[in-house]
Amino acid sequence: MYDFAYHKPTSIADAVKILAADPDAKPVSGGHTLLPALKHRLNQPSALVDLSGIAELRGIKREGDTIIIGAMTRHGEVATSDIIKSAIPALAHMASTIGDTQVRNRGTMGGSLANNDPAADYPAAAMALGAKFQTDRRTLAAEDFFQGMFTTALEPDELLIAIHFPVPKKAGYAKLKNPASRYSMCGVFVADGAAGIRVAVNGAGPGVFRQEAAEAALSANWSPEAVAGVKQDPDGLNSDIHGSAEYRAHLVTVMTKRAVLDAG
Amino acid sequence: MSENTLAQAPVHLRQGSSIGQPLTRRDGVLKVTGGAVYAADNHPPGLLHAVLAVSTIARGRVAALDLAAARAHPGVVEVMTPGHKPALAQDPDEKAGPFAFRLDLLQDDRVRYANQSIAVVIAETIEAATEGAALLAPRYEVEPARMDLHDAESFFPAVVGAGTPAAEHHGDVDAGMAAAAVRVEATYDTSAQYHNAMEPHAIVAVWDGDKLRLDTPSQGMAMAQARIAGLFGIPPENIHIRSPFLGGGFGSKGMISGPQVLGIMAAKLVGRPVKLVLRREQMYGPVGHRAPTRQTLRLGADAGGALTAIGHHTKTASSSFDDFFEPASGASHSLYASPAIATSHEGVRLDTGTPLFMRAPGEATGSIALESAIDEMADACGMDPLTFRLKNYAEVEPISGKPFSSKALRQCYEQGAARFGWASRPLAPRMMRDAAGMLVGWGMGTATFPALMFQAKARATLRRDGTGLMEIGAHDMGQGAWTALAQIAADGLGLDIDQVEFRSGTSDLPDGGIAGGSAHTATAGMAVHGAGADVIARLAELATGDERSPLFGAGNAGVVARGGRLSRRDDEARGESYADILDRAGLAGIEGSGGSAANPVAQSAYAMHAHGAVFAEVKVDPDLGQIRVTRLVGAFAAGTIINPRMVRSQYYGGMIWGLSFALLEKAVTDRRSGRIMNADLGEYHVPVNADVPSVEAILVEERDAHVNALGIKGVGEIGITGTAGAIANAVWHATGRRVRQFPITLDRLID
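Predicted model only: the values in this text are computed from it and were never measured.

A. Spotlight on the overall build of chain A. Check the secondary structure of chain A and you find twelve helices and twelve strands. At 18 Å, chain A has a C-alpha radius of gyration in line with the 18 Å of a compact globule built from 264 residues. In chain A, which comprises 264 residues, the share counted as buried stands at 55%. Within chain A, counting contacts between residues at least 6 apart in sequence, those at least 24 apart form 58% of the total. Carbon and sulfur atoms provide 51% of the accessible area of chain A, an area that totals close to 11100 Å².

B. Structural detail: the domain arrangement of chain B. Residues and elements named next belong to chain B. As assigned here, chain B comprises domain 1 (3-36 + 454-596), domain 2 (39-144 + 199-281), domain 3 (147-195 + 288-362) and domain 4 (402-452 + 603-748). Computed from C-alpha atoms alone, the centre-to-centre distance between domain 3 and domain 4 is 20 Å. The interface of domain 3 with domain 4 comprises 20 residues on the first partner and 27 residues on the second. When domain 3 packs against domain 4, the two sides together hide about 2000 Å² of surface, and 58% of this comes from carbon and sulfur.

C. Spatial organisation of helix H7 (residues 363-380) of chain B. Residue and element names in this part refer to chain B. For H7, built from 18 residues, the straight-helix expectation of 26 Å at 1.5 Å per residue is met to within 8% by its first-to-last C-alpha distance of 25 Å. For H7, a buried count of 15 out of 18 residues is recorded, marking the element as mostly surrounded by other parts of the structure. A positive backbone phi angle near 70° is found at Gly382, which sits one or two residues after H7.

D. Looking closely at the packing of helix H5 (residues 89-96) of chain A against helix H8 (residues 122-129) of chain A. Residue and element names in this part refer to chain A. The interhelical angle for the contact between H5 and H8, taken along N-to-C directions, is 165°, at an axis separation of 10 Å. Judged by the angle between their axes, H5 and H8 are roughly antiparallel. In terms of crossing hand, the pair formed by H5 and H8 is right-handed. Together, Leu91, Met94 and Ala95 of H5 and Tyr122, Ala124 and Ala125 of H8 make up the contact between the two elements.

E. Structural context of the sheet that holds strand E13 (residues 211-215) of chain B. All names here are of chain B. Here we have seven strands laid out as an open sheet, ordered E4-E6-E2-E15-E12-E13-E14, and mixed in their pairing. Every other strand in the sheet has two partners, leaving strand E4 (76-80) and strand E14 (239-242) as the edge strands with one partner each. With strand direction ignored, the average angle separating the axes of adjacent strands in the sheet is 20°. Packed onto the sheet, helix H5 (residues 221-232) meets strand E12 (202-208), E13 and E14 and runs at close to 140° relative to E14. Of the strands in this sheet, strand E2 (48-54), E4, strand E6 (117-123), E12, E13 and strand E15 (274-277) are in contact with helix H6 (residues 258-270), which crosses E12 at around 35°.

F. Unusual backbone geometry, seen in detail. All names here are of chain B. Residue Pro743 is reached from Phe742 by a cis peptide bond, and omega for that bond is 0°. Inspection of the secondary structure assignment puts Pro743 in the segment after helix H15 (720-735). Phi at Ala137 takes a positive value of approximately 35°, unusual for a residue other than glycine. You can see Ala137 is positioned in the loop between helix H3 (126-135) and strand E7 (139-142). The exposure class of Ala137 is partly exposed, given its relative accessible area of 46%. Of note, the phi angle at Arg430 is positive, near 60°, even though the residue is not glycine. Here Arg430 is to be found in the loop between helix H9 (409-420) and strand E19 (432-433).

G. Representation of the interface of chain A and chain B within the structure. On the chain B side, the residues contacting the twelve residues of chain A number 14 residues. Carbon and sulfur atoms supply 57% of the area that chain A and chain B bury against each other, a total of about 1100 Å² over both sides. There are three salt bridges connecting chain A and chain B. When the shortest N-O distance is used, the salt bridge between Glu131 of chain B and Arg41 of chain A registers 3.2 Å. For the pair chain A and chain B, the number of links is five residue pairs in polar contact (both at pLDDT 80 or more). It is helix H12 (residues 245-263) of chain A that contributes the most residues to the side of chain A that touches chain B, seven residues altogether. Partitioning the side of chain A that touches chain B into residue classes produces six nonpolar, three polar and three charged.

H. Broad picture of the pairing of strand E17 (residues 307-319) of chain B. All names here are of chain B. Where burial is concerned, most of E17 is hidden: twelve out of the 13 residues are buried. When strand E16 (residues 293-301) meets E17, the two strands line up antiparallel, connected through nine bridges. Residue Leu297 lies in a different strand from E17, and its bridge partner there is His312. In this antiparallel pair of consecutive strands, E16 and E17, the connection spans five residues, and Gly305 shows a positive phi of 90°. Judged from the ten bridges that link them, E17 and strand E18 (residues 341-350) form a sheet pairing that is parallel. Note that in E18 the partner of Ile310 across the bridge is Ile341.

What counts and how
- Residues numbered from 1 in each chain as written.
- Chains lettered and ligands numbered in written order.
- Predicted model: local features only at pLDDT ≥ 70, side-chain atom pairs only at ≥ 80, totals over all residues.
- Heavy atoms only, no water.
- Helix = DSSP H or I, 4+ residues; strand = E, 2+ residues; numbered from the N terminus.
- Rg over C-alpha atoms; globule rule 2.2 N^0.38 Å.
- Buried < 20%, exposed > 50% of the residue type's maximum accessible area, 1.4 Å probe, protein only.
- Contact = heavy atoms within 4.5 Å.
- Areas by Shrake-Rupley, 256 points an atom, 1.4 Å probe, with all protein chains shown as cover.
- Domains from an automatic or database assignment.
- Buried area = accessible area lost by both parts, 1.4 Å probe.
- Expected span 1.5 Å × (residues − 1).
- Axes fitted to C-alpha atoms, helices over the stretch in contact; angles between N-to-C directions.
- Parallel < 35°, antiparallel > 145°, perpendicular 65-115°, else oblique.
- Left-handed = near helix turned anticlockwise from the far one by under 90°.
- Pairing = 2+ DSSP bridges.
- Salt bridge = Lys/Arg side-chain N within 4 Å of Asp/Glu carboxyl O.
- Polar contact = N/O pair within 3.5 Å; in protein donor to acceptor, adjacent residues only side chain to side chain.
- Nonpolar A, V, L, I, M, F, W, Y, C, P; charged D, E, K, R; others polar.

The following block contains the structure:
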């Protein structure tokens, strides 16, 4: 690990001020991606801006038909929140499948979404539910926020504040975890909500994507059988020692069926 | 208690003899309390730390190293390079003996494989040495790496494995194939595997003039002494090795490796004690591995299911600079009766480290292919796989025609099948599902491993206080030598085990031989047994020649030793204690010695093997292709069982290794760079507890009068054989898919 300065601001404004003043500073939330990268010297920020002291970044609330989750809310809090469990149980279920207990007690929703790891869970939920991303300066739709592998629309000094999830009529999630790392090999989140019927896939491709053939099939007939014949094109999907692109394409269909079953 | 002495036994049930008792591990408390001192736990005063800089290319030359940057780093004491190193008495590329594999000891700037040592940084702290090694920032002249078994030019080696002929045959396989009513010809691929012992290779080296003290894990201390003595030009007895415990070896610690010798050179260079420990990724290259193979099996059978021919050809790889060829085809020599058998090997050279002995070298690799092919043939004949194997049961060793010294394989089949419930297996595949909709399959494989013996010596002492001492430089890799050999010692000395001090694990004791080839208990055990018999004979001579003794005139043959007493065989009431005999003779103690070696007469008359049968149940998720081995039942016959608890543990370990072979282990090479891409335990998969929900080992009774006087065969490696094939066959039975590439991965099992 290289040396860096450490800041722990207590307000969003202060955090943004530090980040704006120093282009080589990086914000850190749960640290599950950034700290290993620092340890391996793959990253050399001049300063870390620890967001854990900013109270306004935390918390879960319901406003009308929207669930608002602070960016620094930890996976464990999402998984156990009564508000989320009653409004979007599939999202709570998703959070409960991330990593292990330690990861869930440190990792944050905002950190995961801002990192946009192709094997992360949340992007599929955000995309399928039509979530809105509230930053310190604007609000972005999920389609605009995610821009491919480890890339988002966030500016270097822009902070994600909260994620707004419209409450769906129903939603479900299913994934195949890598048995060692527990990252998603392929996860599918299906939702019938404000944005219509959506099927979003994580783990299989270079970033979250919508499976439009499955969406069309479910719009005509919401049932696991309706998507059983959907064939995902393996072209462009991830291929590694854990599974080939063809295998991941196969999983897209299987997980879509199971997610529909989960949604009921 | 000295670190290398285990005198205290746990409470156990005595039934007149220590051999056969399921004693718990005598070193167990030391291990679970952290009291067991492993090589890297040693910190002599003045210790410096050495870290290897290793090549990131597989073939070429080191063009430049930034020595100034490394030397300038605070804490760095020395940087050892080809141009700056202690002189050696012997070229590390010289073949001084069949087991003197060529080592990379900075002899020049050549790079022969990825992870080869190219410099050693020695520093006051491990951190400074690590940073110094990074600062070397090597630049290379890169040559294209040859990494593909199927692209390289092949040739026919003369010998394979430890020096067995590369091609053997009896009968005419082509004629047998021509005459066959049913034929199976199939090709099986196995992957490169790395030993990955939990304890990395480590060494703490201390020079004192031309004397050398080493703490380093070794499966063969005497062989290491000889190799080091040759390299440094000092007498072997000047080298004192302590190796009381190994965190696994699996063959990779059989010969001293290049990095260990570099630790000794580093200590010589700086004139201070040096510790060098390999990092996990550095174990993928210089310490051996199992090479990939492509095996072609040709089986013929008559209409009744009797084999008419077995052809087994293996293509495998050695390094560009030394010879070790995985002797996989040998698996077909001893298992199934056939009027014609031909085995052969073909080699290529790749830019890897030299492959070496790895857990059942040849036997494991050949077994998975042979057992798969036998299963394919049983199916082609429409026969149950067990029925087919019994039909082709070998009453004599097929390749040699020799009778077996003992063979309880039939009992293994019977007991294993009964325990597993094999009789209710449907013949056709894809016939069974569980309540969750998983496809269920049952498969079996035959296990076999040769019963080997090497040479060893031991020294026994009976003391005036009535206790005994047994000394042997044996090796405990975790298999239980501290326990099993002490049990043999107790019986050899006619003492309760808690009256015996057992010293082991250092090179200044009598040479305990090599802990390899599943032969250590037989080899070291027979030396211990012989030393016990010798010292008892000397004690008996004292007593029977002394007219004050109740044993006077009994003669050696007429005396028995038990519980610390010698008694007349014809009247056990007449006798006296060891202590009384020594006391009267005015001796503080009496010493004897013993040695062991294979008996050449018995070896030429008999084929000697352990046998077993393994039954596996797998469940395959039809949607995901995920494979779970839900049950493993193995039944093994391996002669006299010294300690059933340790032996069962060895069988479990072997069977789990077989599971690993069938489903998990594979080193993945980047063909552009020649580097291993999964050189860590995150991505080089080995089984964890969750992968092994149920494993059972049945110990089948077997007495062998020929292998050695105690009737001991080996138990360490046999569990791997049979198991890997049984799992592959169960996967076929579950799914109807015959996968011939190992490990079997889930993507091969979906539609």
